[in-house]
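# Summary of the model geometry
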Amino acid sequence: MPEFDYDILVSGGGVAGLTAAAVFGSAGFSVLCVDPAAPVTERDAEGSDLRTTAFLQPSRDLLEFAGLWSRLALHAAPLQVMRIVDAGGPSPEPRLTKDFNAGDITDLPFGWNLPNWLLRHEMVARLLELPNAEFRPGTAFASLFTRETGARVGLSDGSRVHVQLVIAADGRNSPVRRASGIPVKTTRYGQKALAFAVTHPVPHNNVSTEIHRSGGPFTLVPLPDYQGLPSSAIVWMERGPEVARLAGLDEPDFEAAMNERSCGLFGPLTLASRRTVWPIISQIADRMHGERVALVAEAAHVVPPIGAQGLNMSLSDMRTLLDIAQSNPDQLGDRQMLETYHKHRHTEVAARVAGVDLLNRASMIESQPLRDLRAMGLGAIYSLAPVRKVMMQLGLGARG
Ligand SMILES: Cc1cc2nc3c(=O)[nH]c(=O)nc-3n(C[C@H](O)[C@H](O)[C@H](O)COP(=O)(O)OP(=O)(O)OC[C@H]3O[C@@H](n4cnc5c(N)ncnc54)[C@H](O)[C@@H]3O)c2cc1C
């Protein structure tokens, strides 16, 4: 029987990697998590991740299992209604508004929204509580050598560890995925997203609002009050050159532009954070696994930020991997376990990547007749109550 240093090495200490380490650590596996960068865990620090994550209902159970939810619940803003606004007419005004209310399908909100910098803060604290989980920031995955029986991982500090399973949570350019020779299919839209926080005079009442015109959605997601005022996180997607222009505007001009794009909903918005820019792509790996390697999160799939699918799909990866690992711990990381993981996840991941791709393309439309058609489509879906409910369940991940 080979000697293992840890059961699992998690490559990547982003939100996904830290969650994976907390999940498998809480399940009793010994875990080492490595990342070349130390996580930025303060809102206003240079380099902090000002995106937020809307955790949908099914993700909460896994966060509870991982000992994370009790830390996060206090800071979470519930999402009760998803409001879709079409402002695709000749002038930037709302012309069709449809509310999807969680109350139509469940007693709980759709999900809960949390800032990414705070997630990192609480996740690192949780790992410190777990005696069998170790987080080593400042140390990168460097090389991989696998056999049927285990994986030897070289780290950037010159050390090597022998593990049963490597979980690749090291992002869209995943070094572990590349070392395993797993190809990806990438779609580029020429589009970027601005992510930032605002305050506004009109309360959001736990409504998440997605405004469609052209170039991509402008989405306001509820946050807890900030400095005594109602606050929302905004993701504003546009063509790359337009995002560069908006990011370079001085603050009053930027506020004027965002107030035009928000159609005045929630009253005048005031910028309450830095502006950060994120490239938008779709990507899917050909396989969810290599020898002794499981891909999760953006290492396996990337989607545009629409409908809060990205990290929620990642948590589904982890839940599936955990279920398989717990049902037969002796098989951790072996071929059969990883093929089962691939079989359970890849088809669903591919369907969600294709679905979000379609929504994004619809939201980007420039031509007026097609924008009119888009508004008619939204009205038609909404007017059929059973279709509306199925769409909501699909969005939540409550239906495969
Ligand atoms: C604007 C925006 C808004 C979003 N909103 C939502 C939302 O509301 N809900 C949702 O579910 N999803 C959302 N997403 C998606 C979500 O943010 C991502 O899925 C998630 O942040 C990706 O996390 P990750 O840990 O996979 O990747 P990353 O955050 O890229 O983390 C990868 C980590 O790997 C590390 N790494 C790199 N090289 C190495 C190496 N050699 N060794 C070890 N580690 C390495 C990096 O340093 C990094 O820390 C959004 C995305 C965007 C762009």
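These lines cover the structure that appears in this document, whether it is placed above or below.

Broken down by element type, the chain carries 11 helices and 20 strands. The C-alpha radius of gyration computed for the chain amounts to 21 Å, which stays within 12% of the reference 21 Å derived for 400 residues, consistent with globular compactness. In terms of overall dimensions, the chain has C-alpha extents of about 70 × 40 × 40 Å along its principal axes. Taken over 400 residues, the chain has a buried fraction of 54%. Side chains of the chain give 38 positive and 42 negative charges; the mean places of these two sets differ by 5 Å.

In this section: the sheet that holds strand β7 (residues 111-115). To summarise the sheet geometry, strands pair through backbone hydrogen bonds and adopt either a parallel or an antiparallel arrangement. An order of β3-β7-β4 is seen for the 3 strands of this open sheet, with the pairing classed as antiparallel. Two strands bound the open sheet, and with one partner strand each, they are β3 (52-56) and β4 (77-79). Averaged over neighbouring strand pairs, the angle between their axes works out to 30° when direction is ignored. Note that β3 and β7 share 5 bridges and pair antiparallel. Paired with T53 across the bridge in β7 is L114. Strands in contact with helix α2 (residues 57-65) are β3 and β7; relative to β3, the strand with the most contacts, it is inclined by about 95°. Strands in contact with helix α4 (residues 116-129) are β3 and β7; relative to β7, the strand with the most contacts, it is inclined by about 85°.

Here we take up the site of the ligand. Every one of the 29 residues lining the ligand counts as a neighbour, but D35, A54, F141, L311 and N312 are closest to it. Here an oxygen atom of the ligand sits 2.6 Å away from a polar atom, N or O, in the side chain of D35. At a separation of 3.0 Å, an oxygen atom of the ligand approaches a polar backbone atom of N312. Isolated, the ligand exposes 1000 Å² of accessible area, and the fraction of that covered by the protein chains is 85%.

A separate point is the nonpolar core. General note: in soluble globular proteins, nonpolar side chains tend to be found buried as a group. Membership of the largest hydrophobic core comes to 77 residues, with the highest contact counts inside it found for I8, L9 and F24. With 20 residues, the next largest nonpolar core counts W236, L249, C263 and F266 among its residues.

Moving on to the side chain of T199. Topologically, T199 is positioned in strand β12 (residues 184-199). According to the relative accessible area criterion, T199 is buried, its value standing at 7%. When neighbours within four sequence positions are excluded, T199 is seen to be in contact with Y226, L229, P230, S231, P268, L269, T270 and A272.

We now examine a nonpolar patch on the surface. Taken together, the side chains of L370, L373 and M376 make up a nonpolar region of the molecular surface, amounting to roughly 320 Å² of accessible area. As for its placement among the helices and strands, L370 is situated in helix α10 (residues 368-383). Classification of L370 as partly exposed rests on a relative accessible area of 43%.

Rules behind the numbers
Residues numbered from 1 in each chain as written. Predicted model: local features only at pLDDT ≥ 70, side-chain atom pairs only at ≥ 80, totals over all residues. Heavy atoms only, no water. Helix = DSSP H or I, 4+ residues; strand = E, 2+ residues; numbered from the N terminus. Rg over C-alpha atoms; globule rule 2.2 N^0.38 Å. Buried < 20%, exposed > 50% of the residue type's maximum accessible area, 1.4 Å probe, protein only. Lys, Arg positive; Asp, Glu negative; His and termini not counted. Charge placed at Lys NZ, Arg CZ, Asp CG, Glu CD. Pairing = 2+ DSSP bridges. Axes fitted to C-alpha atoms, helices over the stretch in contact; angles between N-to-C directions. Contact = heavy atoms within 4.5 Å. Near = heavy atom within 4 Å. Polar contact = N/O pair within 3.5 Å; in protein donor to acceptor, adjacent residues only side chain to side chain. Areas by Shrake-Rupley, 256 points an atom, 1.4 Å probe, with all protein chains shown as cover. Core = buried A, V, L, I, M, F, W, Y, C linked by side-chain atoms within 4.5 Å. Patch = residues over 30% accessible without salt bridge, like charges linked within 9 Å, V, L, I, M, F, W, Y side chains within 5 Å. Salt bridge = Lys/Arg side-chain N within 4 Å of Asp/Glu carboxyl O.

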